[in-house]
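# Examining the three-dimensional arrangement
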Amino acid sequence: MIEQLPNWINFLFLGTLIATLGFFYLANGKPKKLMGFIVIWCFIQGFLGYAGFYRITDSVPPRFALVLLPILLFWGYGLRPTPLKAIITVRTTHLSTFLHTVRIPVEIVLWYLYRYGTVPELMTFEGRNFDILVGITAPLIGSLFYLGRISKKALLAWNVIGLFLVSFILINGILSAELPFQQFAFDRPNTGITYFPFVLLPATIVPLVIYTHITDIIKLHKEIF
């Protein structure tokens, strides 16, 4: 049960969240208004998770839509020409690459959530989740790019692979959650993400990781071609 999780797992996750926000802030020209919005979003989602709002899974429409729909709106707005140009103009690409290092502690947290019965095995590196490979390679790739040892084409390819892997596990995570369209893990559904602080994984960390990949791909593609 999630109540039996060691306290250090909660602190590791919160530290990972802070690191994600820090990398995103530094890599994107220190956007104070945007970061203020993201921090407020974290507090709202964290409060709802702490209050047990998302643990009620039989409501219509599903309460978890309050996580998923705003994320889609964030991506849609952030990829419009004006905000997209503002982001890629100030983007420090090696720092945005380092951001993906946070996927290492995320995978550790998911593995412990699996051990305590709140996420299915397919969400871990023992199942279908190979996202940890991106986290392990991120500091190396970022350093090599900063030193000019790898090309923009190589970094572009790495980002495409990283985007595929995180999107793949996101889809598996959604389809294994207790939602009307659940397809996997009926014996052990993905319930860990309905609790605080882990609700901030789908609410904040994963959306920022995916947005960073997409915007880096767009930026690198423009610079190469």
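In what follows, the accompanying structure is described.

Definitions and cut-offs
Residues numbered from 1 in each chain as written. Predicted model: local features only at pLDDT ≥ 70, side-chain atom pairs only at ≥ 80, totals over all residues. Heavy atoms only, no water. Axes fitted to C-alpha atoms, helices over the stretch in contact; angles between N-to-C directions. Helix = DSSP H or I, 4+ residues; strand = E, 2+ residues; numbered from the N terminus. Parallel < 35°, antiparallel > 145°, perpendicular 65-115°, else oblique. Left-handed = near helix turned anticlockwise from the far one by under 90°. Contact = heavy atoms within 4.5 Å. Nonpolar A, V, L, I, M, F, W, Y, C, P; charged D, E, K, R; others polar. Core = buried A, V, L, I, M, F, W, Y, C linked by side-chain atoms within 4.5 Å. Buried < 20%, exposed > 50% of the residue type's maximum accessible area, 1.4 Å probe, protein only. Expected span 1.5 Å × (residues − 1).

The axes of two packed helices give the description: the angle between them and the distance between them. At a minimum axis distance of 7 Å, the contact between helix α6 (residues 103-115) and helix α7 (residues 132-146) shows a crossing angle of 150°. In terms of orientation, α6 lies roughly antiparallel with respect to α7. Handedness of the α6/α7 crossing: left-handed. Residues Arg103, Ile104 and Glu107 of α6 pack against Ile132, Val134, Gly135 and Ile136 of α7. When grouped by side-chain class, the residues that make up the contact of α6 with α7 number four nonpolar, one polar and two charged.

What follows deals with the nonpolar core. Judged by nonpolar contacts, the single largest core of 58 residues is most densely connected at Leu113 and Phe198. Sorting the residues of this core by element identifies α1 (7-27), α2 (32-50), α3 (65-78), α6, α7, α8 (152-175) and α9 (200-224) as the ones contributing at least two each. In this structure Leu113 touches Ile2, Leu5, Thr118, Val119 and Phe198, once residues within four positions along its chain are discounted.

Here we come to α8. The terminal C-alpha atoms of α8 lie 34 Å apart, and with 24 residues this matches the ideal 34 Å at 1.5 Å per residue to within 8%. Taken together, the buried residues of α8 touch α5 (93-98), α6, α7 and α9.

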